[in-house]
Every structure is written in C-alpha cells, then in structure tokens.
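Breakdown of the fold
Spelled out, the chains give:
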Amino acid sequence: MASAQKVHELTVRRWNHAREYWRPGNDRYGRLISFCLDLEHYLRSEGLTRDSRRIQPRTQKQLNLVRHKASLMLRKMPEFDAHAVQPGASSRAAEISRRVIENVFLDPLAAYHDPRSRMVWSALAGGRGVISLDWHQKHGVVFNFRDPRRFHIAPGHLFLHSPLTPFCQEEVPMRMSELAKMKGSWDIPKDMNPDNWRMDY
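1. Structural notes on the overall build of the chain
Tallying secondary structure elements over the chain gives seven helices and four strands in all. Traced from its N-terminal end to its C-terminal end, the chain shows the element sequence α-α-α-α-α-α-β-β-β-β-α. Expressed as a percentage of its 201 residues, the buried residues of the chain come to 23%. By sequence separation, contacts in the chain at least 24 residues apart represent 50% of the contacts at least 6 residues apart.

Pasting the structure below:
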C-alpha cells in the first residue's frame, strides 16, 4: 500500500510539473486554433494583437493556405514497405507483414483517415498534432486523435519517441459510470464526485 501511494504521489507531481511547464504552449495552441480555423481575425478585422508593427493576416488567406497544404498532405494514404533484415528471415514473411500492416491502416472500419486529417489540420493550424494507436480487446487496432493540450511530454524533452524521453502522460476524461466499472481494479475513493472539469487555457 505504501509503495502504491508513493507511485501515486510521484505521478501527481510529474503531471503537475508537466502541465505547468507546457501551459504557455497549450495556451498558444488554443489561440492559434481559434485564430486560424474559427476566423476570429476575419470576423473582427484584426489580428491577434492591435500592435500595428506586427504583420498579421486579416482575411481568409491564411485559412485558404492551410486548407491547400492539408489537401496536399492528405491526398495520398501512407505507403509501407518491408524487407527481411536478418540473414535467416523470409522475404515472403516480410511481404505478408507489409500487407497486414497496410490493411490495418486502409481498413475503412478503422477510420484512420479521420484522426489523420484531424492531426494534420491541428499541426498546420496550431503547431501540434497527436494521434494514438490503441489496442481494443474487441475491435483490435484503433486510431484516435488526442488533444495536444491533454498530452504532456516530460519537461525538457521535445520528441516523444526519443529513447532519452523518460515518460509522457495523457489526461483522459472519464464518466462516473466508467469509473464504476473499474472498482475491481482501481482503488476509487467513495467520496469522489464529478467535477465537470474544463481546461483553463
């Protein structure tokens, strides 16, 4: 019990530290998304700041540019290739692996095109995009777009997949009914109530 409490406290400290560390970037992401996609500058005929020394788009030109770049990036689905690396590996098995991976990404029921499109638009308009590949017991591999403001990389690191990145954390909102289903595995306080939490940036 003591070790579990220590792990919980460490996780909370890491989460608070990462959340505060990335707060300026998270705030900037929200403003950029609103500025580019919601056309706030177009509706108000002004940019993010009233400083006349700043060169800022005041029309739909920026949105049209992002739309053009997104269409170029999303025009083709990703292509895969596989090669036998080890001396005793079978090239036929490598080809089968390539087809299996390709079928996962091209399966219309997996709907990879939707989170991929959201990630590209998010990266172009807000500077960041996060997509996850999760394993579902019933549906197998599923693709999900994640809000970059809820996904925190260890402070001081920028590349998620670097072997030097010690950890990353994701905030996952849950309903009370979902928490109730986890009572057998999780230690859930009896006085826990929904907080209707919203991001403050």
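2. So, unusual backbone geometry
Positioned with a positive phi, Ala111 is a non-glycine residue whose angle comes to about 55°. Counting through the fold element by element, Ala111 comes out in the loop between helix 5 (91-106) and helix 6 (113-126). Among the residues examined, Ala111 registers a relative accessible area of 24% and is labelled partly exposed.

3. Topic: the pattern of salt bridges
Per the stated rule, a full pass over the model turns up eleven salt bridges. Between Arg23 and Glu20 there is a salt bridge, with its nearest N and O atoms 2.8 Å apart. For Arg23, a relative accessible area of 22% corresponds to the partly exposed category. Its relative accessible area of 45% is what places Glu20 among the partly exposed residues. Its salt-bridge partner being Glu95, residue Arg99 comes within 3.3 Å of it at the nearest N-O pair. You can see Arg99 and its partner Glu95 sitting in helix 5, four residues apart, about one turn around the helix.

4. Let's talk about the confidence of the model for the chain
Averaged over all residues, the pLDDT of the chain is 82; the fraction at 70 or higher stands at 86%. The least confident element of the chain is helix 3 (residues 40-44), whose mean pLDDT is 61; the most confident is helix 6, at 91.

5. Considering the pairing of strand 1 (residues 130-136)
For strand 1 and strand 2 (residues 140-146), the ladder comprises seven bridges, and the chain directions are antiparallel. Paired with Asp134 across the strands is Val142, a residue of strand 2. Between strand 1 and strand 2, which follow one another and run antiparallel, lie three residues.

6. Structural notes on the side chain of Arg116
Tracing the sequence through the fold places Arg116 in helix 6. Of the side chains bearing the opposite charge, Glu79 lies closest to the buried Arg116, which forms no salt bridge; the N-O distance is 9.9 Å. Excluding residues within four positions of it along the chain, Arg116 makes contact with Met73, Leu74, Lys76, Met77, Pro78 and Ile131.

7. Considerations on the packing of helix 2 (residues 23-37) against helix 6
In a packed pair of helices, the relevant descriptors are the angle between the two axes and the axis-to-axis distance. Two elements in contact, helix 2 and helix 6, have axes separated by 8 Å at closest approach and are oriented at 100°. On the basis of their axis angle, the class for helix 2 and helix 6 is roughly perpendicular. Between helix 2 and helix 6, the residues in contact are Tyr29, Leu32, Ile33, Cys36 and Leu37 and Trp121, Ser122, Ala125 and Gly126, respectively. Here the contact of helix 2 with helix 6 is built from residues that sort into seven nonpolar, two polar and no charged.

8. Topic: the packing of helix 2 against helix 4 (residues 61-73)
Relative to each other, helix 2 and helix 4 sit at 100°, their axes nearing to 8 Å. The angle between helix 2 and helix 4 places the two elements in the roughly perpendicular class. Two secondary-structure elements touch here, helix 2 through Phe35, Cys36 and Leu37 and helix 4 through Gln62, Leu63 and Val66.

9. What about the packing of aromatic side chains?
Inspection of every chain in the model, using the stated rule, returns five aromatic pairs. The interplanar angle of 80° and the centroid separation of 4.9 Å between the aromatic rings of Phe105 and Tyr112 together place this pair among those described as edge-to-face. The pair formed by Phe105 and Tyr112 is uniform in burial state, with each residue classed as buried. A ring pair is formed by Phe105 and Phe143, whose centres lie 5.1 Å apart and whose planes are at 50°; its orientation type is tilted. Of this pair, Phe105 sits in helix 5 while Phe143 sits in strand 2; the two residues are 38 residues apart in sequence, bridging distant segments of the chain. This pair shows no difference in class: Phe105 is buried, exactly as Phe143 is. Here Arg14 stacks its cationic end above the ring of Phe167, 4.4 Å away from the centre of that ring.

What counts and how
- Residues numbered from 1 in each chain as written.
- Predicted model: local features only at pLDDT ≥ 70, side-chain atom pairs only at ≥ 80, totals over all residues.
- Heavy atoms only, no water.
- Helix = DSSP H or I, 4+ residues; strand = E, 2+ residues; numbered from the N terminus.
- Buried < 20%, exposed > 50% of the residue type's maximum accessible area, 1.4 Å probe, protein only.
- Contact = heavy atoms within 4.5 Å.
- Salt bridge = Lys/Arg side-chain N within 4 Å of Asp/Glu carboxyl O.
- pLDDT = per-residue confidence, 0-100.
- Pairing = 2+ DSSP bridges.
- Lys, Arg positive; Asp, Glu negative; His and termini not counted.
- Axes fitted to C-alpha atoms, helices over the stretch in contact; angles between N-to-C directions.
- Parallel < 35°, antiparallel > 145°, perpendicular 65-115°, else oblique.
- Nonpolar A, V, L, I, M, F, W, Y, C, P; charged D, E, K, R; others polar.
- Phe/Tyr/Trp six-rings, centres within 6.5 Å; stacked < 30°, edge-to-face > 60°.
- Lys NZ or Arg CZ within 6 Å of the ring centre and 35° of its normal.

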